[in-house]
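# Notes for the structure review
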Amino acid sequence: RMKLEAQKALDPVQFQCLYQGNPGSAEGRLYQPFKTWVEKSDYGTYIRSGAYIDVADEGDDLLFAATYDVYKSDNLFFNEKTKRMEPILFALITDMEMTDENTDVTTVTVPAMINRNGTQKAWVESNNGGAGYEKVIKKKVRAITDPFYQGGNKESRIITASAMVNQHIIMPFGWETRYKAVYDHVTGFLRNFGANTHDDPEDGLTGIYEKEIADGNIQPYAHANRGVRRRN
């Protein structure tokens, strides 16, 4: 029994396949094991702190919210699109919440998480219930909130970005115990979409990649507002 526990601690994915007879064995999974951070500085230089909130739609959806710090690596890669060498960006997850609690609860817990992690900007998916949610939490956070409409097909977005999500999103060390529900969900998520009950954390991680990494923006958030005269 102890040996099995030790084996599970060493490699949860392998354990699932070998000992649990889990049909969602590694080849059917969408994600490879994620890299983890202990020292943020291992991933380069700090740029900005954000949050991403995928508000639960009507019905049995889950809310998924994550805070993260964006870091710029000292290493460069050749970007085929822009035809130039560019720094590699990483989003280091600092906190996560996944819950089916109603908005009375999450409009308290999510702002608390955002403030606790020094978030500067919170992206809020404002499809369905998201726009109303953003209006409520806006008053409770020190961050700028940015509600946006997610137009893309969720399934194709998640699948297309999966390798990039794996490469650029770095989980906190020990996330398999600290965020067990998220860990189990993401590491067990199958390529065959119909086989998954929910896709909320995967949608959220994809959103972080799209908003923070995909366009290669290496500036702090404030940079975009420079030169804009604010009316008081």
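Refer to the structure printed above.
Residues numbered from 1 in each chain as written. Predicted model: local features only at pLDDT ≥ 70, side-chain atom pairs only at ≥ 80, totals over all residues. Heavy atoms only, no water.

### So, the side chain of Asp203
Tracing the backbone shows Asp203 in helix H8 (residues 200–213). By relative accessible area, Asp203 is classed as buried at 0%. Excluding residues that lie within four positions of it along the chain, Asp203 makes contacts with Asp54, Glu125, Lys154, Arg157 and Ile158. (Helix = DSSP H or I, 4+ residues; strand = E, 2+ residues; numbered from the N terminus. Buried < 20%, exposed > 50% of the residue type's maximum accessible area, 1.4 Å probe, protein only. Contact = heavy atoms within 4.5 Å.)

### A short note on a nonpolar patch on the surface
A cluster of nonpolar residues, Leu76, Phe78 and Met85, forms a patch on the protein surface that exposes about 300 Å² of accessible area. The partly exposed category is assigned to Phe78, whose relative accessible area is 40%. (Patch = residues over 30% accessible without salt bridge, like charges linked within 9 Å, V, L, I, M, F, W, Y side chains within 5 Å. Areas by Shrake-Rupley, 256 points an atom, 1.4 Å probe, with all protein chains shown as cover. Salt bridge = Lys/Arg side-chain N within 4 Å of Asp/Glu carboxyl O.)

### Structural notes on the pairing of strand S4 (residues 84–99)
Counting buried residues in S4 gives 13 out of 16 residues, a clear majority hidden from the surface. As paired elements, strand S3 (residues 63–79) and S4 share 14 bridges and run antiparallel to each other. When the sheet's bridge partners are listed, Phe78 is paired in S4 with Met85. Hairpin connection between S3 and S4: a loop of four residues separates the two successive antiparallel strands, and Lys83 in this loop has a positive phi of roughly 60 degrees. Note that S4 and strand S7 (residues 169–172) share two bridges and pair parallel. Opposite Leu92, over in S7, you have Ile170 as the bridge partner. (Pairing = 2+ DSSP bridges.)

### Digging into the side chain of Glu212
Secondary-structure assignment places Glu212 in helix H8. Within the local environment of Glu212, its side chain forms a polar contact with the side chain of Tyr68, the two groups lying 2.7 Å apart. A polar contact of 2.9 Å, which involves the side chain of Glu212, links it to the side chain of Trp123. (Polar contact = N/O pair within 3.5 Å; in protein donor to acceptor, adjacent residues only side chain to side chain.)

### Considering helix H3 (residues 103–116)
Taking 1.5 Å per residue as the helical rise, H3 with its 14 residues ought to reach 20 Å, and the 19 Å between its terminal C-alpha atoms agrees with that figure. Those residues of H3 lying buried are Thr106, Thr107, Val110, Pro111, Met113 and Ile114. Buried residues of H3, viewed axially, fall in a sector of 155 degrees; they line one side. More than 90 degrees from the buried face of H3, the exposed residues found are Asp104 and Arg116. Elements that come into contact with the buried residues of H3 comprise strand S2 (45–54), S3, S4, strand S5 (121–125) and helix H4 (130–138). Sitting at the head of H3, Asn102 places a side-chain oxygen 3.1 Å from the backbone nitrogen of Asp104. (Expected span 1.5 Å × (residues − 1). Arc of directions from axis to C-beta.)

### Remarks on the packing of helix H7 (residues 180–187) against H8
With their axes 9 Å apart at the nearest point, H7 and H8 run at an angle of 85 degrees to one another. With respect to H8, the axis of H7 lies roughly perpendicular. Contact residues: Val182, His185 and Val186 in H7; Pro201, Glu202 and Leu205 in H8. Here the residues of the contact of H7 with H8 sort into four nonpolar, one polar and one charged. (Axes fitted to C-alpha atoms, helices over the stretch in contact; angles between N-to-C directions. Parallel < 35°, antiparallel > 145°, perpendicular 65-115°, else oblique. Nonpolar A, V, L, I, M, F, W, Y, C, P; charged D, E, K, R; others polar.)

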